[in-house]
Amino acid sequence: MATNKNALIRYKHLDSLLSDRHHYYDINDLTEKVNELLQDEGFHTVTRRCIEKDLVYLTERPFCAPIKRFKHNGKNCVTYKSPSFSIFMQEMSREERHLLREVLNTIGQFDGLDNFEWLDKFKSGLGNTRRRQIISFSNNPYLKNSNLLGTLFDMISNKVVVRLSYHTFADQTIRSIDFHPYLLKQYNDRWYLLGAADSDKAILHFALDRTDEVEPLPEKKYADCPEDLSERFEDIIGVTLPKDKNTEKILFWVSSTSKGYVETKPIHGSQAQLRGEREQQLREQYSQLEGGAFFTIDCINNYELIRELCSFGKELIVLEPSSIRHEVFNRISMMVEKYLENRKLIQ
């Protein structure tokens, strides 16, 4: 009987792969995956013959694993008959169950979404009873295609390549792309999917309300994200990261009316209020701007930044750089022109 440490580590990894219902593995895939995990943990790799012996051993006592074999696209695949089976089944402690119930109550905003039905079953299995809501997150229940959230959450969690069918607002033609999904991000009450195309590893994003269909491609090999996606949002507002643009220091004035809002809810994480000698210099330079406060942010210029700066109307004036100031001015000027063109209709 094999009882050495290396064997137990292989069994642990095989157990995880055999219960995976989102990928189809044959013996070669299992050998490759197990060896990748062994190398990551500093262990020697093994042969395909070793993995074959491990599979046989898992079907015997003490594990008695219910393994089945089936054909898919010409591959002889191996899996557990039941995805819930594990050779390492354990009961949760009372403290773990209590903590999990609290977490499930907190993320209740996902109730009723496709592919999250398991959440309700999980709550029921924990003896979770409905109680008064004590925290509410921003949520748009009328967002088109919000049902795709559960599907995409499942695909990202299990590293499955998908075929996205999508369209744009400007063009209703439906296009398709084989896509490696990495992250679901919410911005301005809309959900976006970030990932990489199969043919190009550049990071792309798609709005869920313009996504028509998501088809899993379990036979395709998933490519992990080569970067920390959280870092790409440090220099932008929203989700659009333009190519070949650098971070700019943006100086703006906010009126006394809106100063408190901007202080307590910064436009960007880099926001800083200018005080002391620098503030005095700016008050002398822009003497026509009475009261209020001066702020800076360090951002890459994108569509969302300009829209955010324009959203304050006359309460926020961009001072530097001139390129962003002109862009905001042009956006507001076009809006004024539209109102003037249609003033007879809106009087």
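See above for the structure.
Residues numbered from 1 in each chain as written. Predicted model: local features only at pLDDT ≥ 70, side-chain atom pairs only at ≥ 80, totals over all residues. Heavy atoms only, no water.

Once that is clear, we can look at a negative patch on the surface. Together, Asp212, Glu213, Glu215 and Glu219 line one region of the surface with negative charge. Along the chain, aspartate 212 turns up in strand S7 (residues 211-216). (Patch = residues over 30% accessible without salt bridge, like charges linked within 9 Å, V, L, I, M, F, W, Y side chains within 5 Å. Areas by Shrake-Rupley, 256 points an atom, 1.4 Å probe, with all protein chains shown as cover. Salt bridge = Lys/Arg side-chain N within 4 Å of Asp/Glu carboxyl O. Lys, Arg positive; Asp, Glu negative; His and termini not counted. Charge placed at Lys NZ, Arg CZ, Asp CG, Glu CD. Helix = DSSP H or I, 4+ residues; strand = E, 2+ residues; numbered from the N terminus.)

The subject of this paragraph is the packing of helix H10 (residues 303-310) against helix H11 (residues 322-341). Across the interface, H10 lies against H11 with an axial gap of 10 Å and an inter-helix angle of 65°. Overall, the two elements H10 and H11 adopt an arrangement that is roughly perpendicular. Considering only the axes of H10 and H11, their crossing is right-handed. Judged by residue contacts, Tyr303, Leu305, Ile306, Arg307, Leu309 and Cys310 of H10 engage Ile324, Glu327, Val328, Arg331 and Ile332 from H11. When the residues that make up the contact of H10 with H11 are grouped by side-chain class, the tally is 8 nonpolar, no polar and 3 charged. (Axes fitted to C-alpha atoms, helices over the stretch in contact; angles between N-to-C directions. Parallel < 35°, antiparallel > 145°, perpendicular 65-115°, else oblique. Left-handed = near helix turned anticlockwise from the far one by under 90°. Contact = heavy atoms within 4.5 Å. Nonpolar A, V, L, I, M, F, W, Y, C, P; charged D, E, K, R; others polar.)

Mapped onto the elements, glutamate 304 comes out in helix H10. A distance of 3.0 Å separates a polar atom in the side chain of glutamate 304 from the backbone nitrogen of valine 239. The contact partners of glutamate 304, leaving out residues within four places of it in the chain, are Tyr187, Ile237, Gly238, Val239 and Thr240. (Polar contact = N/O pair within 3.5 Å; in protein donor to acceptor, adjacent residues only side chain to side chain.)

A separate point is the packing of aromatic side chains. Counted according to the given criterion, the structure contains 9 aromatic pairs. Between tyrosine 24 and phenylalanine 70, the ring centres sit 5.8 Å apart and the planes meet at 90°, which makes this aromatic pair edge-to-face. You can see tyrosine 24 sitting in the loop between helix H1 (5-18) and helix H2 (27-40) and its partner phenylalanine 70 sitting in strand S1 (residues 67-72), a full 46 residues away along the chain. A relative accessible area of 28% means that tyrosine 24 is categorised as partly exposed. (Phe/Tyr/Trp six-rings, centres within 6.5 Å; stacked < 30°, edge-to-face > 60°. Buried < 20%, exposed > 50% of the residue type's maximum accessible area, 1.4 Å probe, protein only.)

Sheet strands line up and pair through hydrogen bonds in the backbone, either parallel or antiparallel. Strand order in the open sheet made by the 5 strands is S6-S5-S4-S3-S7, with antiparallel pairing throughout. Of all strands in the sheet, those with a lone pairing partner are strand S6 (203-207) and S7, marking the two edges. This sheet shows a mean twist of 45° between the axes of neighbouring strands, independent of strand direction. Helix H6 (residues 148-157) rests against strand S3 (162-166), strand S4 (175-187), strand S5 (190-197) and S7 of the sheet, and its axis sits at about 100° to S4. (Pairing = 2+ DSSP bridges.)

A sheet is described by the order of its strands in space; here 4 strands give the open sequence S9-S10-S8-S11, paired in antiparallel fashion. Here the strands that pair on one side only, and so sit at the sheet edges, are strand S9 (272-273) and strand S11 (316-320). The pairing of strand S8 (residues 248-254) with strand S10 (residues 293-299) spans 7 bridges and is classified as antiparallel. From the neighbouring strand, tryptophan 253 faces S10, where its bridge partner is phenylalanine 294. On top of the sheet, helix H8 (residues 256-264) reaches S8, S9 and S10; it is set at about 135° to S8, its chief contact. The sheet contacts of H11 involve S8 and S11, and relative to S11 the element is tilted by about 145°.

Taken together, the side chains of Ile332, Met335, Val336, Tyr339 and Leu340 present a nonpolar region at the surface, about 480 Å² in accessible area. Within the secondary structure, leucine 340 is located in helix H11.

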